[in-house]
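The primary structure of each chain is shown beneath.
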Amino acid sequence: MRKPGRLAAALAAALLVAACGCGRAASPAEAASGSAPSSRAEQKSSVPASRAPVSQKLPAASSAAQADPAVLDDAVFVGDSVTLKLKNYVTLRRRADSSFFGRAKFLVAGNMGSGNALAPLGENSIHPPYNGKKALLEDSAAQMGAKKIFLMLGVNDIAPYGAARAAANLEKLCLRFLEKRPDARIILQSATPMLKSKQLKKLNNESISQYNGRLREICRKRGWDYLDVASVLAGKDGALKPEYCSDPESLGLHFTDEACRIWIRYILTHIKT
Amino acid sequence: MKKATALLVLAALLFLAACSKPGAKSADLAQVLSQMKGAARNSEMMDLTGDDLMPNYGIDPADTRQFAACVDSTGTKGDEIVLMQGKDGAAADRIRQKLDLRYKQKQAEMKDYLPEEYAVLKQCRVRQDGEYVCLIVSPRHEALEKIYADALGL
């Protein structure tokens, strides 16, 4: 009677040891801290080294006529891949300075245009989720409490719709924002130019310029603000300056960090407060 | 005999409880991500913080036990690595839903826009192993997923 008892006890002990071995071992970080790792702290310290010098390289922007970035606390920037780069630039700068670019928020998608933004909301529609919820842009902006809505769209619209229709679509989109937020200010930013060597049949600096002309007219007619961002990024030939282009081998229209810095300074020196 | 049987049953139950979750091997996700970034061959990746989880993914940081994530910063590539451990199984399931949504959104954004990036994306996936959930999008996704799987003993 005793033998089976001892055998069972030994077996149980072996199983218990095995069970402990299968249990979750503390990670090195957890072991060091004695608790769950603070992901925020770890992430903050792990900004890629290649990014670190960005803030150091940047000279202090002229503060003469520059608005307090807090003027952007109630702003939402709507845009395509060009604005997506701005969002990423701002995100990185905020690691060192949480007040950088105010508390401006972003609603961006790489291929966004006013054409596909006007399309109905659906599982496969372009509308970017905000806080995990996919919604029409105007609904997301309203949820964000936007009082200033900056839009830079067009490079994904000009080829399929032409400059005039693309601009008309953007006007329609802006009116949708105002339906949801009648007290919001609309600020249209010019579409920015491409490298001289990257002109396409339908999307080129000539058609971008025509599009921007339409936007200027719309703003005049509606009393909306117009920011000619293109003017500070283009050379004398109207093309994107090569030093501001991050993708000279492909589309030739996306921005470097330096271009983002100039864009931001332009906004802060031209926004009506 | 009854005592021995009871002990055996108890031990077996403890064993099963301890081993019931797949992907039970623990890993420091920040270290895993660091290793993956070395293999990703994209020098323009930017790390994400807890502040980015809700606006970008709709994930409540309180749902995570640990996480590490980075995304291409240029706006022109689809590369994105998100590694998460939920605080429990239910949290992991919620994280999975959000990363599925993110994956679908990336598909919608790239389908007619960046064909090469879309082709890469279609080969990638959201993966859940117990409390661990990941989204790995990279042209080198196979190598990255192997690093992940090896780290978690999958």
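Details of the structure are given in the entry above.
Predicted model, so just to flag it, every value in this text is computed and none were measured.

Enquirer: Help me understand the overall build of chain B in this model?
Expert: Within chain B one finds six helices and five strands. Secondary structure elements of chain B occur, N-terminal to C-terminal, as α-α-β-α-β-β-α-α-β-β-α. A buried classification covers 54% of the 154 residues belonging to chain B. The contacts of chain B with a sequence gap of at least 6 include a subset with a gap of at least 24, amounting to 61%. Summed over its atoms, the accessible surface of chain B is roughly 6,800 Å², and 54% of this surface lies on carbon and sulfur atoms.

Enquirer: Sorry if this is basic, but what is going on with the packing of aromatic side chains here?
Expert: The geometry of two aromatic rings is summed up by the distance between their centres and the angle between their planes. Residues and elements named next belong to chain A. All chains considered together, the criterion is met by six aromatic pairs over all chains. Between Phe77 and Phe101, the ring centres sit 5.1 Å apart and the planes meet at 40°, which makes this aromatic pair tilted. In this pair, Phe77 sits in strand β1 (residues 75-79) while Phe101 sits in the loop between α5 (81-96) and β2 (105-108), placing the two residues 24 residues apart along the sequence. This pair shows no difference in class: Phe77 is buried, exactly as Phe101 is. Through a chain of ring-to-ring contacts, three or more aromatic side chains come together here, namely Phe77, Phe101, Phe106 and Phe150.

Enquirer: Is there a simple way to think about the sheet that holds β1(A) in this case?
Expert: Each strand in a sheet pairs with its neighbour through backbone hydrogen bonds, running either in the same direction (parallel) or in the opposite one (antiparallel). Residues and elements named next belong to chain A. With respect to topology, five strands assemble into an open sheet ordered β2-β1-β5-β6-β7, the strand pairing being parallel. With partners counted over all chains shown, the strands left at the sheet margins are β2 and β7 (225-227), one partner each. The mean inter-strand angle of the sheet, taken between neighbouring strand axes irrespective of direction, is 20°. As paired elements, β1 and β2 share four bridges and run parallel to each other. In the sheet register, Gly79 faces β2, and the bridge partner there is Val108. Sitting on the sheet, helix α12 (residues 257-270) is in contact with β1, β5 (148-152), β6 (185-189) and β7, with an inclination near 145° to β7.

Enquirer: Explanation requested: the packing of helix α9 (residues 163-180) of chain A against helix α10 (residues 205-222) of chain A in the structure shown.
Expert: Relative orientation and spacing of two packed helices are given, respectively, by the angle between their axes and the distance between those axes. Residue and element names in this part refer to chain A. Contact geometry for α9 and α10: axes closest at 9 Å, N-to-C directions at 40°. At the point where α9 passes α10, the crossing takes the right-handed sense. On α10, the residues that touch Ala163, Ala164, Ala166, Ala167, Leu170, Glu171 and Leu175 of α9 are Ser207, Gln210, Tyr211, Arg214, Leu215, Ile218, Lys221 and Arg222. Here the contact of α9 with α10 is composed, by residue class, of nine nonpolar, two polar and four charged.

Enquirer: In this structure, what is going on with α12(A)? I would like to understand it.
Expert: Spacing of three or four residues puts side chains on the same side of an α-helix, whose turn is 3.6 residues. Residue and element names in this part refer to chain A. Compared with the 20 Å implied by 1.5 Å per residue over 14 residues, the 20 Å span of α12 between its first and last C-alpha is a close match. Of all 14 residues in α12, ten are buried, a share of seventy percent or more. Among all positions in α12, only Asp257, Ala259, Cys260, Arg261, Ile262, Trp263, Ile264, Tyr266, Ile267 and Leu268 are buried.

Enquirer: Just to check I follow, could you spell out the environment of B:Ala68 for this structure?
Expert: Residue and element names in this part refer to chain B. Position of Ala68 relative to the elements: it lies in strand β2 (residues 64-72). Residue classification places Ala68 among the buried positions, given a relative accessible area of 0%. Through-space distance from the C-alpha of Ala68 to that of Leu33 is 6.4 Å; in sequence the pair is 35 residues apart.

Enquirer: Sorry, what's going on with the nonpolar core here?
Expert: Most often, soluble globular proteins have nonpolar side chains that are buried together. Counting 75 residues, the largest nonpolar core has A:Leu72, A:Phe77, A:Phe101, A:Leu151, A:Leu188 and A:Tyr211 as the members making the most contacts within it. Filtering out sequence-adjacent residues up to four positions away, A:Phe101 remains in contact with A:Pro69, A:Leu72, A:Phe77, A:Leu86, A:Val90, A:Arg94, A:Phe106, A:Ile264 and A:Ile267. By size, the runner-up hydrophobic cluster in this structure holds 24 residues, among which are B:Leu48, B:Leu99, B:Tyr103 and B:Val137.

Enquirer: Help me understand the pairing of β5(A) in this model?
Expert: For a regular strand, side-chain orientation follows a simple rule: the groups alternate between the two sheet faces. Residue and element names in this part refer to chain A. The buried fraction of β5 amounts to five of the five residues, a majority that puts the element mostly inside the structure. By the alternation rule, side chains of β5 split into Lys148, Phe150 and Met152 and Ile149 and Leu151, which are all buried. Of the strand pairs in this sheet, β1 and β5 are connected by five bridges, and their pairing is parallel. Directly across from Val76, in β5, lies its bridge partner Ile149. Sheet topology note: the β5/β6 ladder contains four bridges and is parallel. Looking across to β6, one finds that Ile149 is bridged to Ile186.

Enquirer: Could you clarify how one ought to interpret the pattern of salt bridges in this entry?
Expert: Two side chains bearing opposite charge may form a pair once their charged atoms approach each other closely. With the rule as written, the count across this model stands at 23 salt bridges over all chains. In this structure, A:Arg176 and A:Glu138 form a salt bridge, with 3.7 Å as the shortest nitrogen-oxygen distance. Placement of the pair is A:Arg176 in helix α9 and A:Glu138 in helix α7 (residues 137-143), with a sequence separation of 38 residues. You can call A:Arg176 partly exposed: its relative accessible area is 24%. Its relative accessible area of 5% is what places A:Glu138 among the buried residues. A single salt-bridge network, built from bridges that share partners, covers B:Arg125, B:Arg127, B:Asp129 and B:Glu145.

Cut-offs used in this document
- Residues numbered from 1 in each chain as written.
- Chains lettered and ligands numbered in written order.
- Predicted model: local features only at pLDDT ≥ 70, side-chain atom pairs only at ≥ 80, totals over all residues.
- Heavy atoms only, no water.
- Helix = DSSP H or I, 4+ residues; strand = E, 2+ residues; numbered from the N terminus.
- Buried < 20%, exposed > 50% of the residue type's maximum accessible area, 1.4 Å probe, protein only.
- Contact = heavy atoms within 4.5 Å.
- Areas by Shrake-Rupley, 256 points an atom, 1.4 Å probe, with all protein chains shown as cover.
- Phe/Tyr/Trp six-rings, centres within 6.5 Å; stacked < 30°, edge-to-face > 60°.
- Pairing = 2+ DSSP bridges.
- Axes fitted to C-alpha atoms, helices over the stretch in contact; angles between N-to-C directions.
- Left-handed = near helix turned anticlockwise from the far one by under 90°.
- Nonpolar A, V, L, I, M, F, W, Y, C, P; charged D, E, K, R; others polar.
- Expected span 1.5 Å × (residues − 1).
- Core = buried A, V, L, I, M, F, W, Y, C linked by side-chain atoms within 4.5 Å.
- Salt bridge = Lys/Arg side-chain N within 4 Å of Asp/Glu carboxyl O.

All we've got here are geometric facts, nothing functional implied.
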